[in-house]
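Here is how the chains run, residue by residue.
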Amino acid sequence: MRDFSGDHRWLSLNTATVRKQGDLADIIDACARHGIRAIDPWRDQVAAIGLDRAVWVLRDAGLELSGYCRGGMFTSDIARRQEARDDNRRAVDEAKALGAPCILLVVGGLPQYSRPGSAASKNIAQARTQVEDAIAEMMGYAKQANMPLAIEPLHPAYAADRACVNTTKQALDICDRLDPKRTGALGVALDVYHIWWDPELLPQIARAGKDRLLAFHVCDWLVPTTDILNDRGMMGDGVIDIRSVRGAVEAQGFAGYSEIEIFSNGWWEKPMDEVLRTCIERHRSVV
Ligand code: ZN
């Protein structure tokens, strides 16, 4: 297992962590100031400064990407299926332009929440079938761009509105069905916030193996959690044994960035430099 205590060369910042404190150019500037080598930007943040400028600013700062957030929201009614497909193809094009190693997929929950305006449904089984069909379709386009897709299983609390893929096993089952030869086109993004509670986690990480482990996200689970979406904890402030999960992932050969992704009303109120300093300190001491 890698020793993170001496430096933060394997720290990547998911830019949602400081989304309220500045635009993407400000965040990239701050990362350069703090010696952070990689980020995972969100599509809306890229769009806000323009894709061309984002590419230029990234290159100028010498930053790498650990992923691109995000594709997915595949579930919709029939009228919005084309919109979902085109939107995901644009995500692939943007990821390619930015030099991302993969696109994170938040697959969508029930159609009315995933693609607002869609006819309401309570059929989660159908949503799951639709997700798998759409990933298969997107893979065709992504393969031409050599862009791997990383399915991020989300905590079951998000099954209705964000993702009906809720466990590592479920995500890996999809990978095995759509990419049985393990070509590298499809894998998983494991975020400790979503998976830490799962009794099957360790055997599923072993099942994933190096070629399916495309991204690793860290934050912490606070007790009590006051807002399931925007009350994530800073690493070390909650109950997740982050280091043991990282150990399991690295035992499979994962050697990529440990990406910090904290959506938190509390941390969004603090100055960007303070947040980044704390991230670096906790990356060394608890991740
Ligand atoms: Zn994540």
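Refer to the structure presented above.
Residues numbered from 1 in each chain as written. Predicted model: local features only at pLDDT ≥ 70, side-chain atom pairs only at ≥ 80, totals over all residues. Heavy atoms only, no water.

I would appreciate a short explanation of the coordination of the zinc ion in the present structure.
Ideal geometry at a metal centre: 109.5 degrees between donors when four sit tetrahedrally, and 90 or 180 degrees when six sit octahedrally. Donor atoms from the polypeptide that coordinate the zinc ion comprise Glu 152 (OE), Asp 191 (OD), His 217 (ND1) and Glu 261 (OE), at 2.0 to 2.3 Å from the metal. Around the zinc ion, the 4 donor atoms sit at angles spanning 84 to 154°, and that spread fits a shape best called irregular. All donor residues of the zinc ion come from one chain, and their arrangement in sequence is E-x38-D-x25-H-x43-E. Of this pair, Asp 191 sits in strand 7 (residues 186–191) while Glu 261 sits in the loop between strand 9 (258–260) and helix 11 (265–268), placing them 70 residues apart in sequence. No difference in accessibility class separates Asp 191 from Glu 261, as the two residues are buried. (Donors = N, O, S within 2.8 Å, 3.2 Å for Na, K, Ca; no water. Tetrahedral: all angles 85-135°; square planar, octahedral: opposite > 155°, others 65-115°. Helix = DSSP H or I, 4+ residues; strand = E, 2+ residues; numbered from the N terminus. Buried < 20%, exposed > 50% of the residue type's maximum accessible area, 1.4 Å probe, protein only.)

Any chance you could explain the packing of aromatic side chains here in plain terms?
The description of an aromatic ring pair uses the distance of the two centres, along with the angle that the planes make with each other. All told, the structure shown has 5 aromatic pairs when counted by the stated rule. Ring geometry for Tyr 193 versus Trp 221: centroids 4.7 Å apart, planes at 35°, classification tilted. Here Tyr 193, found in helix 8 (residues 192–195), pairs with Trp 221, found in the loop between strand 8 (213–218) and helix 10 (242–251); they are 28 residues apart in sequence, far enough to count as distant. Looking at Trp 221, the relative accessible area reads 14%, which means it is buried. Between Arg 2 and the ring centre of Trp 10, over which it is positioned, the NZ or CZ distance is 5.1 Å. Above the plane of the ring of Trp 268 lies Lys 20, whose end atom (NZ or CZ) is 3.9 Å from the centre. (Phe/Tyr/Trp six-rings, centres within 6.5 Å; stacked < 30°, edge-to-face > 60°. Lys NZ or Arg CZ within 6 Å of the ring centre and 35° of its normal.)

Even after reading the chapter, I still don't get the environment of Ala 120, so can you show me in this structure?
Topologically, Ala 120 is positioned in the loop between helix 5 (111–114) and helix 6 (124–144). Taking the C-alpha atoms as reference points, Ala 120 and Asp 77, separated by 43 residues in sequence, lie 8.4 Å from one another.

Explain the sheet that holds strand 6 (residues 149–151) to me, please; I cannot follow it from the model alone.
Strand pairs in the sheet, formed through backbone hydrogen bonds, run parallel or antiparallel to each other. In space, the 9 strands of this open sheet follow the order 3-2-1-9-8-7-6-5-4, with parallel pairing throughout. Where the open sheet ends on each side, the last strands, each with one partner, are strand 3 (64–65) and strand 4 (68–72). In the packing of helix 9 (residues 201–212) onto the sheet, contacts are made with strand 7 and strand 8, and the angle to strand 8 comes to roughly 110°. Against the sheet, helix 12 (residues 272–285) makes contact with strand 1 (11–14) and strand 9, and its axis sits at roughly 140° relative to strand 1, the strand it touches most. (Pairing = 2+ DSSP bridges. Contact = heavy atoms within 4.5 Å. Axes fitted to C-alpha atoms, helices over the stretch in contact; angles between N-to-C directions.)

When you look at the nonpolar core in this model, what are you seeing that I'm missing?
Side chains that are nonpolar tend, in soluble globular proteins, to be buried together. Core analysis: the largest hydrophobic core is formed by 84 residues, its most contacted members being Ile 39, Ile 103, Leu 105, Val 107, Ile 135 and Ile 151. The element contributing the most residues to this core is helix 6, with 7 residues. Each residue touching Ile 151, except ones within four places of it in the same chain, is listed here: Leu 105, Val 107, Ile 135, Val 165, Ala 171, Ile 174, Cys 175, Leu 186, Gly 187, Val 188 and Ala 189. One finds Ala 16, Cys 102, Ala 189 and Trp 268 within the second-largest nonpolar core, a separate group that totals 10 residues. (Core = buried A, V, L, I, M, F, W, Y, C linked by side-chain atoms within 4.5 Å.)

Please explain the pattern of salt bridges as it appears in this structure.
When their charged atoms lie close together, side chains carrying opposite charge are able to pair. Inspection of the entire model under this criterion finds 26 salt bridges. Close ionic contact of Asp 77 with Arg 80 constitutes a salt bridge, the shortest N to O distance being 3.3 Å. On the accessibility criterion, Arg 80 (23% relative accessible area) is partly exposed. With a shortest N-O distance of 3.5 Å, Asp 161 and Arg 162 are connected by a salt bridge. A residue is classified by how much of its surface remains accessible, and Asp 161, at 29% relative accessible area, is partly exposed. (Salt bridge = Lys/Arg side-chain N within 4 Å of Asp/Glu carboxyl O.)

Help me understand unusual backbone geometry in this model?
Excluding glycine, residues mostly carry a negative phi; peptide bonds, for their part, are mostly trans. For the bond running from Cys 69 to Arg 70, omega is -10°, close enough to zero to count as cis. On the secondary structure map, Arg 70 appears in strand 4. Note that the residue after Val 223, namely Pro 224, is joined by a cis bond; omega there is -5°. The backbone of Met 73 shows a phi angle near 45°, a positive value even though the residue is not glycine.

I tried to follow the side chain of Glu 132 on my own but got confused; where do I start?
With respect to the helices and strands, the residue Glu 132 is situated in helix 6. According to the relative accessible area criterion, Glu 132 is buried, its value standing at 16%. Sequence-distant contacts of Glu 132, defined by excluding residues within four places in its chain, comprise Ile 174, Arg 177 and Leu 178.

Explanation requested: helix 9 in the structure shown.
An α-helical segment advances 3.6 residues per turn. Residues three or four places apart therefore align on the same side. Over its 12 residues, helix 9 runs only 14 Å from end to end, short of the ideal 16 Å by more than 12%, given 1.5 Å per residue. Considering only its buried residues, helix 9 is in contact with helix 7 (168–178), strand 7, helix 8, strand 8 and helix 10. (Expected span 1.5 Å × (residues − 1).)

Mind showing me how you'd approach the environment of Ser 285 here?
Topologically, Ser 285 is positioned in helix 12. A relative accessible area of 41% places Ser 285 in the partly exposed class. With 91 residues separating them along the chain, Ser 285 and His 194 place their C-alpha atoms 22 Å apart.

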